[in-house]
Structures are given as C-alpha cells and as structure tokens.
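A structural walkthrough
For reference, the chains in residue letters:
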Amino acid sequence: MTSSSTTGTDTSTSTGTGSGTEGTAPAPEDTTRRTTVARTVTDVLQPRNALLAGMLGIGLAAAGEWTGLLWGFLGALCAGLIPAGYIEWERGRGTWGDRHVVDRTKRAPIFFVILGSIGAGSVVMVLGNAPAGILVAMLALWVMTIGLLAVNTMWKISVDSAVASAVVSLLAVVHSPWWLAAYTLTAAVCWSRVALGYHTVAQTVAGAGLGAATTVAYAFGG
C-alpha cells in the first residue's frame with residue numbers, strides 16, 4: 001500500500017525573509033521499497049511457515065530424531081497447514097480476497113477450523129503416546145486460539161504476530177532460552193503488518209503478548 005507523492009525535486013521559494021521549507025514526504029521509490037520488504041517479511045514468516053518450522057523444532061527437542069520430527073510435522077499439519085489450506089479454499093471460492101482476511105467479522109470460521117484441527121491432532125497425539133513436550137505445545141496453541149477468537153469479536157488482533165511470538169516462546173521453553181533471540185523475527189512480523197496497513201501497532205503488540213503467554217499454558221501443562 002503505497003502513498004502517492006510528486007516526482008519532482010523539492011525546491012525552496014525565496015520570501016521576504018529569504019527562508020524556505022524542505023518537503024519531508026518520502027520519495028516514491030522509498031515507499032515502494034519499504035512495501036516490498038514488508039510484503040516479503042509477512043509472506044515468508046506467515047503462520048503456516050512459522051508453525052511448520054517451529055513445530056518441527058519443538059518435536060525434535062521433545063523427542064529427538066525421526067520420532068520427534070514426525071510428531072512435530074503432525075503438529076504443524078494440524079496447527080498451520082490445514083488452517084492455511086482452508087483459507088486458500090475459501091479464498092478460491094471468493095469468500096475473501098487473500099489470506100489476510102482484513103475484515104475481522106469474517107474470521108470466526110477460521111478460528112473454529114484451527115480449534116478443531118488442533119483438537120483432532122491433540123487426540124491423535126494422546127492416543128499415540130506422543131512426547132509431553134509436543135502435546136503440551138499443541139494445547140498451548142489451542143488455548144491461544146481461544147484467546148484470539150475472543151478478542152477478535154471486539155478488536156482486530158494480529159494473528160500473524162501471535163503465532164510468530166508463540167513459536168519463539170515455545171521453542172525457548174522446550175529447547176533453549178537462546179531462542180528468545182529469535183524475537184527479532186517476531187518484531188519484524190509486527191513491523192510488516194503495520195507497514196502494510198493490516199494492523200495498528202497496538203494490535204500487533206497485543207498479538208505478540210498473547211503468543212508469549214502460551215508459555216504460561218505450557219508451564220502449567222508441563
């Protein structure tokens with residue numbers, strides 16, 4: 001989303017005092033570059049991708065080797081890939097324009113699909129005796145989704161920011177506190193959502209805060 005501005009160079013007109021004022025509007029190319037970077041960040045670090053990488057990492061940390069990766073992939077499938085597939089299916093039907101679903105009043109079905117998908121995956125994990133680490137991470141994401149759904153009824157909280165934050169916080173708890181350094185990526189997601197006009201700063205900060213709170217659910221569950 002770019003803003004229009006004149007393409008000419010700034011000039012100062014001489015007045016009786018001999019002073020002028022320089023324009024402060026960003027050049028069109030700067031605005032375009034900023035939008036391009038923001039779009040790349042929000043697409044690369046979208047919830048589907050963040051959950052795929054994050055749940056694989058959580059599964060690996062919880063169980064190790066191939067078993068952990070398989071459980072992690074199941075978690076990513078239920079928490080990220082299936083919901084993303086549903087969004088694309090509805091987009092193809094013309095329900096909304098793109099994955100961002102800017103109208104919060106149309107988001108409720110997405111949250112219910114996420115809740116159902118994570119719930120089904122959690123049942124499979126319980127029946128399959130999955131490691132506690134990956135199972136509790138799933139339950140933490142389920143609780144976070146309830147929070148997102150509740151807030152969304154009144155306010156357009158940022159889901160992308162919440163997921164990016166949750167993945168980092170859960171990896172920090174399950175694997176190593178060094179993962180907290182990856183909050184720079186969460187900050188990048190928050191910036192991109194604001195830069196593209198999808199959310200306000202407050203909405204991204206609230207989303208990131210809710211995502212970080214998944215560690216509370218994890219702590220109680222563990």
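Please read all numbers here as calculations on a predicted model, not as lab measurements.

**Here we look at the layout of surface pockets**
Of the voids in this model, the largest pocket is the one considered here, and its volume is about 450 Å³. Taken together, 27 residues make up the lining of the largest pocket; nearest its centre are Pro47, Ile87, Ile110, Ile114 and Val159. Top contributing element to the lining of the largest pocket by residue count: helix 3 (residues 65-92), with six residues. Class assignment of the residues belonging to the lining of the largest pocket gives a composition of 16 nonpolar, five polar and six charged. Put simply, the second largest pocket is a space of about 250 Å³. Ala50, Ala53, Val167, Val168 and Leu185 are the residues nearest the centre of the second largest pocket, which is lined by 16 residues in total. Sorting the residues of the lining of the second largest pocket by element identifies helix 2 (47-63), helix 6 (159-174) and helix 7 (183-195) as the ones contributing at least two each. The element best represented in the lining of the second largest pocket is helix 2, accounting for five residues. Looking at the lining of the second largest pocket residue by residue, the classes come out as twelve nonpolar, four polar and no charged.

**Overview of the packing of helix 2 against helix 5 (residues 132-152)**
Contact geometry for helix 2 and helix 5: axes closest at 8 Å, N-to-C directions at 145 degrees. Of helix 5, the residues touching helix 2 (which contributes Leu51, Met55, Ile58, Gly59 and Ala62) are Gly133, Ile134, Ala137, Met138 and Leu141.

**Quick look at the confidence of the model for the chain**
Residues of the chain with pLDDT of at least 70 account for 85%, and the chain-wide mean is 86. In the predicted structure, residues 1-23 sits below a pLDDT of 50 and forms 17 contacts with residues beyond four places in sequence or in another chain.

**Remarks on a nonpolar patch on the surface**
Residues Trp142, Val143 and Ile146 make up a contiguous nonpolar surface patch of about 250 Å² in total accessible area. Examined against the element boundaries, Ile146 turns out to sit in helix 5. Residue classification places Ile146 among the partly exposed residues on the basis of a relative accessible area of 37%.

**Details of the pattern of salt bridges**
Per the counting criterion, the structure on display carries four salt bridges. Arg91 serves as the salt-bridge partner of Glu88, at 3.0 Å between the closest nitrogen and oxygen. Of this pair, Glu88 and Arg91 both sit in helix 3, separated by three residues, roughly a single helical turn. Among the residues examined, Glu88 registers a relative accessible area of 37% and is labelled partly exposed. The closest approach of N and O atoms between Asp160 and Arg193, which form a salt bridge, is 3.6 Å. Taken together, the residues Asp160 in helix 6 and Arg193 in helix 7 connect sequence positions 33 residues apart. Assigned by exposure class, Asp160 and Arg193 land together as buried.

**Here's the deal with helix 6**
The end-to-end C-alpha distance of helix 6 is 22 Å, a good match for the 22 Å that 16 residues give at a rise of 1.5 Å each. Burial within helix 6 is extensive, with 15 of its 16 residues counted as buried.

Reading the values: the criteria
- Residues numbered from 1 in each chain as written.
- Predicted model: local features only at pLDDT ≥ 70, side-chain atom pairs only at ≥ 80, totals over all residues.
- Heavy atoms only, no water.
- 1 Å grid on protein atoms, 1.4 Å probe; cavity = no way out; pocket = protein on both sides within 12 Å on 5 of 7 lines; lining within 4 Å.
- Points joined across faces, edges and corners; volume = space filled by probe spheres on them.
- Helix = DSSP H or I, 4+ residues; strand = E, 2+ residues; numbered from the N terminus.
- Nonpolar A, V, L, I, M, F, W, Y, C, P; charged D, E, K, R; others polar.
- Axes fitted to C-alpha atoms, helices over the stretch in contact; angles between N-to-C directions.
- Contact = heavy atoms within 4.5 Å.
- pLDDT = per-residue confidence, 0-100.
- Patch = residues over 30% accessible without salt bridge, like charges linked within 9 Å, V, L, I, M, F, W, Y side chains within 5 Å.
- Areas by Shrake-Rupley, 256 points an atom, 1.4 Å probe, with all protein chains shown as cover.
- Salt bridge = Lys/Arg side-chain N within 4 Å of Asp/Glu carboxyl O.
- Buried < 20%, exposed > 50% of the residue type's maximum accessible area, 1.4 Å probe, protein only.
- Expected span 1.5 Å × (residues − 1).

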